[in-house]
Amino acid sequence: MKKTIFIALMFVVALSFACCDKDGPSNEPLDPSAFNPSGEISYDPNLPEAYPPVVTTEKALTLVFHIPEAAQYVLCGSYFKSLAADLQAQDAAFSANGLLPLLKVNSEWYAVIVYPAFEGETLLTTELELNSGTYSGITALPALKVEDVLFYTVIDKNSANIYPSAFKNQFAADANGNLFVNFDAASSRLSEALGKAIYFDGLTLSNNGKATFTANISGTIPDGFEPYFSSADLADYPIEAQKMSKVSDGTYVWTGDFASAGDEPFRWTVVLANADGEVVKPSGESVVTLTASPLAGLSGDFAF
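Residues numbered from 1 in each chain as written. Predicted model: local features only at pLDDT ≥ 70, side-chain atom pairs only at ≥ 80, totals over all residues. Heavy atoms only, no water.

(A) Broad picture of the nonpolar core. Ranked by internal contacts, the top residues of the largest apolar core, which has 55 residues, are Leu-61 and Phe-65. Of all the elements, strand S10 (residues 138-146) adds the most residues to this core, at six residues. Ignoring sequence-local partners within four residues, the contact set of Leu-61 consists of Val-112, Ile-113, Val-114, Pro-116, Ile-138, Phe-183, Leu-190, Ala-193, Leu-194, Lys-196 and Ile-198. The next biggest cluster of nonpolar side chains, apart from the first, holds 10 residues, and it includes Val-64, Val-105, Ala-111 and Ala-197. (Core = buried A, V, L, I, M, F, W, Y, C linked by side-chain atoms within 4.5 Å. Buried < 20%, exposed > 50% of the residue type's maximum accessible area, 1.4 Å probe, protein only. Helix = DSSP H or I, 4+ residues; strand = E, 2+ residues; numbered from the N terminus. Contact = heavy atoms within 4.5 Å.)

See below:
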């Protein structure tokens with residue numbers, strides 16, 4: 001959300017779902033049944049050219065994203081997938097939020113419906129703990145899902161186009177540029193957005209995300225030392241939260257958020273460290289590069 005998704009955005013992950021893939025001409029409305037079987041398209045005369053009209057849903061937000069075409073986008077974070085009628089339903093909806101497939105509107109646009117919580121006609125909110133940040137309302141992050149790996153989207157808020165523009169501040173970015181859609185129920189923005197379609201034009205894919213990494217370690221681990229997953233650039237400074245778990249003799253795993261500076265692919269390694277802060281690096285050039293297409297770099301061999 002920092003995104004440590006998990007944000008991190010973000011980041012509560014259910015890795016099995018069906019992705020909807022429904023196309024429509026870029027200048028024609030999407031079939032209403034794709035969003036709401038009884039819905040009708042509400043034409044906005046001020047909608048920018050090439051922005052696809054979509055069906056909106058009462059008491060919900062329809063978020064529409066312009067993203068590079070890819071196989072499977074999902075929404076992750078804290079949001080409702082269905083209308084929560086009371087506090088018990090609200091808690092259940094958040095506890096099972098998981099990943100929500102984005103509907104493909106056409107070859108460039110994707111959409112998703114998220115719901116706030118209501119009790120009767122009263123808009124509710126609850127304090128949500130999302131890694132290091134506490135938010136009220138709805139927080140969500142679009143991501144590309146490649147097998148079991150998430151690659152987060154990023155934004156340039158200075159050049160991004162958001163329609164209606166009044167909601168621009170509801171699209172925030174962390175230090176790595178990862179996008180968060182944040183509608184705070186304490187403000188009027190969430191209630192104003194209900195029943196509307198909100199468009200974001202300017203998402204790109206990042207080299208940041210969430211994955212499980214496997215290290216095959218050969219040689220001897222000295223007494224008192226343990227293996228740590230690390231960015232290749234930060235190998236001198238192992239992080240306690242990135243201590244790897246033993247699966248079997250010589251095999252260790254770590255699951256969490258990774259972040260790469262700039263446009264370079266994420267590069268990682270494994271180091272050994274003890275309680276005194278001593279660090280032992282692997283012999284040779286033991287650095288692995290993670291790529292999305294094709295997916296590679298989730299495991300590596302390290303000799304000590």
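(B) Quick peek at the sheet that holds strand S4 (residues 103-104). Reading across the sheet, the five strands line up as S4-S5-S1-S15-S12 and stay open at both edges, with mixed pairing between neighbours. In this open sheet, the two strands that pair with only one neighbour each are S4 and strand S12 (161-163). Sheet analysis places S4 next to strand S5 (residues 109-114), joined by two bridges and oriented antiparallel. Note that in S5 the partner of Leu-103 across the bridge is Ala-111. (Pairing = 2+ DSSP bridges.)

(C) Quick peek at helix H1 (residues 87-95). For H1, the full list of buried residues reads Gln-90, Ala-93 and Phe-94. Around the axis of H1, the buried residues are gathered within 95° of arc, so they sit on the same side. Residues of H1 that are exposed and point over 90 degrees away from its buried face: Gln-88 and Ser-95. (Arc of directions from axis to C-beta.)

(D) Quick peek at the pattern of salt bridges. As enumerated under the stated definition, the model contains seven salt bridges in all. Across the pair Glu-69 and Lys-104 runs a salt bridge, and its minimum N-O distance is 2.9 Å. Taken together, the residues Glu-69 in the loop between strand S1 (61-66) and strand S2 (73-78) and Lys-104 in strand S4 connect sequence positions 35 residues apart. Its relative accessible area of 10% is what places Lys-104 among the buried residues. For the salt bridge of Glu-240 with Lys-243, the shortest nitrogen-to-oxygen distance reads 3.1 Å. (Salt bridge = Lys/Arg side-chain N within 4 Å of Asp/Glu carboxyl O.)

(E) Expanded view of the side chain of Gln-242. Among the secondary structure elements, Gln-242 is positioned in the loop between strand S17 (226-231) and strand S18 (245-248). Apart from the residues within four sequence positions on either side, Gln-242 is in contact with Tyr-228, Phe-229, Ser-230 and Trp-254.

(F) Broad picture of the side chain of Asp-201. Mapped onto the fold, Asp-201 is located in strand S15 (residues 197-201). Buried within the structure, Asp-201 lacks any salt-bridge partner; its nearest side chain of opposite charge belongs to Lys-168, at an N-O separation of 11 Å. Here Tyr-51 takes part through its side chain, which lies 3.1 Å from a polar atom of the side chain of Asp-201. Those residues in contact with Asp-201 that lie beyond four places of it in its chain are Tyr-51, His-66, Trp-109, Ala-160 and Asn-161. (Lys, Arg positive; Asp, Glu negative; His and termini not counted. Polar contact = N/O pair within 3.5 Å; in protein donor to acceptor, adjacent residues only side chain to side chain.)

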